[in-house]
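Observations on the model geometry
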Amino acid sequence: MRLTISLSLLALILFACSDDQNAKQPEKVQKKTKTISKEALNSQIILLNDSLKNLSISRFMMDAKSDKTDRIAIETKISVLRQELINQNLKYFRVFSKDSLAPYCLINIYGIYDNIKAYDLSLNYLDTLEYYYPEFELPNLILDLRAVTLDYVIKPRDISKIKKAYEELLKSPDTNDEDAKRYKNRLLNIDKGFNDLIN
């Protein structure tokens, strides 16, 4: 009888100790990587873009008499949406870099930064686009904006970058004769800044 009680107590102690050891060991947490499809991410980008446009229109429609709190609230929402749109475009570019829409995500980011006059950042994304997608043909509108930004906005002026931007426009098959003449004239006076040209 004593032997049975002793064995039962020993088994109980061992069982209790093994439970205690299991309690002290941290549970293995499985890291689940949240995957998202191209279609879902693209839909999210479109939705964010539409929301940002609508809020920007609402802000534009506000007049000087609008409540200051309302103006601050809408500016904050726009800022948050803008950053989320940048993040989602970057995510698409990083996750689906071989997809045909990936270069357009970089163009979207360029446009967002250009719109808020963060010109250095906007030009960085065009450089990124050209680095990762050297065969991608930028539309002339964007090439022209880059040339003008480098020429008249960015200080100090980098003549070699400005020259390269105008030469790229001249090589583009989409450049018409009138624009080509304008770019050639600008290249002839590349050393002159905006103030020199108007004087």
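Next up on the list: the pattern of salt bridges. Evaluated as defined, the whole model comprises eight salt bridges. For Glu75, the salt bridge is made with Arg59, and the minimal N-O distance between the two is 3.2 Å. Separated by 16 residues along the polypeptide, Glu75 in helix α3 (residues 68-95) and Arg59 in helix α2 (residues 38-61) bring together distant segments of the chain. Arg59 gets classed as partly exposed once you look at its relative accessible area, which sits at 31%.

Below, the discussion takes up the packing of aromatic side chains. With the rule as written, the count across this model stands at seven aromatic pairs. Between the aromatic rings of Phe93 and Tyr133, the centroid separation amounts to 6.2 Å while the plane-to-plane angle is 70°, which identifies the pairing as edge-to-face. Remark: Tyr133 occurs in the loop between α5 (119-132) and α6 (140-153) and Phe93 occurs in helix α3; sequence separation between them is 40 residues. Feature note: the residues Phe93, Tyr131, Tyr132 and Tyr133 constitute an aromatic cluster, connected by ring pairs.

Right, let's get into the packing of helix α4 (residues 102-115) against α5. With their axes 7 Å apart at the nearest point, α4 and α5 run at an angle of 165° to one another. Taken together, the axes of α4 and α5 lie roughly antiparallel to each other. Between α4 and α5 lies a crossing of left-handed hand. Mapping the contact onto sequence places Pro103, Leu106, Ile107, Ile109, Tyr110, Tyr113 and Asp114 in α4 and Tyr119, Leu121, Ser122, Leu123, Tyr125, Leu126, Thr128 and Leu129 in α5. Tallied by class, residues from the contact of α4 with α5 come to 12 nonpolar, two polar and one charged.

Viewed as axis vectors pointing N to C, helix α7 (residues 159-171) and helix α8 (residues 177-188) meet at an angle of 155°, and their least axial separation amounts to 9 Å. Here α8 runs roughly antiparallel to α7, going by the angle between their axes. Note on packing geometry: the crossing formed by α7 with α8 is left-handed. Touching Lys163, Tyr166, Glu167, Leu169 and Leu170 of α7 are Ala180, Tyr183, Lys184, Arg186 and Leu187, all from α8.

This part takes up α7. Helix length check: α7 (13 residues) gives 18 Å between terminal C-alpha atoms against 18 Å at 1.5 Å per residue, within 8%. If you check which residues of α7 are buried, you get Ile162, Ala165, Tyr166 and Leu169. In an axial view of α7, the angular spread of the buried residues amounts to 90°, which keeps them on one side of the axis. Residues of α7 that are exposed and point more than 90 degrees away from the buried face comprise Ser160, Lys164 and Lys171. Of the surrounding elements, those touching the buried residues of α7 are α6 and α8.

With an omega dihedral of -5°, the bond running from Lys155 to Pro156 counts as a cis peptide bond. Counting through the fold element by element, Pro156 comes out in the loop between α6 and α7. Residues other than glycine seldom take positive phi values, yet Lys117 does so here, at roughly 65°. Position of Lys117 among the secondary structure elements: in the loop between α4 and α5. Given a relative accessible area of 60%, Lys117 falls into the exposed group.

Quick notes on the rules
Residues numbered from 1 in each chain as written. Predicted model: local features only at pLDDT ≥ 70, side-chain atom pairs only at ≥ 80, totals over all residues. Heavy atoms only, no water. Salt bridge = Lys/Arg side-chain N within 4 Å of Asp/Glu carboxyl O. Helix = DSSP H or I, 4+ residues; strand = E, 2+ residues; numbered from the N terminus. Buried < 20%, exposed > 50% of the residue type's maximum accessible area, 1.4 Å probe, protein only. Phe/Tyr/Trp six-rings, centres within 6.5 Å; stacked < 30°, edge-to-face > 60°. Axes fitted to C-alpha atoms, helices over the stretch in contact; angles between N-to-C directions. Parallel < 35°, antiparallel > 145°, perpendicular 65-115°, else oblique. Left-handed = near helix turned anticlockwise from the far one by under 90°. Contact = heavy atoms within 4.5 Å. Nonpolar A, V, L, I, M, F, W, Y, C, P; charged D, E, K, R; others polar. Expected span 1.5 Å × (residues − 1). Arc of directions from axis to C-beta.

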